[in-house]
Amino acid sequence: MTGASATARLRTVETDIPARLDRLPWSKWHWMIVIGLGTVWILDGLEVTIVGNIASRLTEEETLALSDS
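Residues numbered from 1 in each chain as written. Predicted model: local features only at pLDDT ≥ 70, side-chain atom pairs only at ≥ 80, totals over all residues. Heavy atoms only, no water.

### Notes on the overall build of the protein
- Secondary structure assignment for the protein yields three helices and zero strands.
- In the protein, the succession of helices and strands from N to C terminus is α-α-α.
- Put simply, the protein has 69 residues, and 0% of those count as buried.
- Accessible surface for the protein amounts to roughly 6800 Å². Of this, 65% is attributable to carbon and sulfur atoms. (Helix = DSSP H or I, 4+ residues; strand = E, 2+ residues; numbered from the N terminus. Buried < 20%, exposed > 50% of the residue type's maximum accessible area, 1.4 Å probe, protein only. Areas by Shrake-Rupley, 256 points an atom, 1.4 Å probe, with all protein chains shown as cover.)

Now the structure itself:
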């Protein structure tokens, strides 16, 4: 099969699904998902910040004396 014949057999699929999805109304469910994901994203960033700030302190002898691993 040559490159020209393979290209000739490929076809573009056209659909109106994205346009139909764009016309759907924004509902309470959408807001609940956006606020829920945003809250989790903020809490995850807060947790990473807290762990990053106290991780070096936890390896000291007078605290838990954890190893780096």
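The rest of the description comes next.
### Points about the packing of aromatic side chains
- Taken as a whole and assessed by the stated rule, the structure comprises one aromatic pair.
- Between Trp26 and Trp31, the ring centres sit 5.7 Å apart and the planes meet at 80°, which makes this aromatic pair edge-to-face. (Phe/Tyr/Trp six-rings, centres within 6.5 Å; stacked < 30°, edge-to-face > 60°.)

### A closer look at helix α3 (residues 28-58)
- The end-to-end C-alpha separation of α3 is 44 Å, in line with the 45 Å expected for 31 residues at 1.5 Å each.
- In the structure, α3 departs most strongly from a straight axis at Gly52, where the bend amounts to approximately 25°. (Expected span 1.5 Å × (residues − 1). Bend = angle between axes of the 7 residues up to and from the residue.)

### As for the confidence of the model for the protein
- Looking at the protein as a whole, the pLDDT averages 85, with 86% of positions reaching at least 70.
- Helix α1 (residues 3-9) is the least confidently modelled element of the protein, averaging 62 in pLDDT, while α3 averages 93, the highest of any element. (pLDDT = per-residue confidence, 0-100.)

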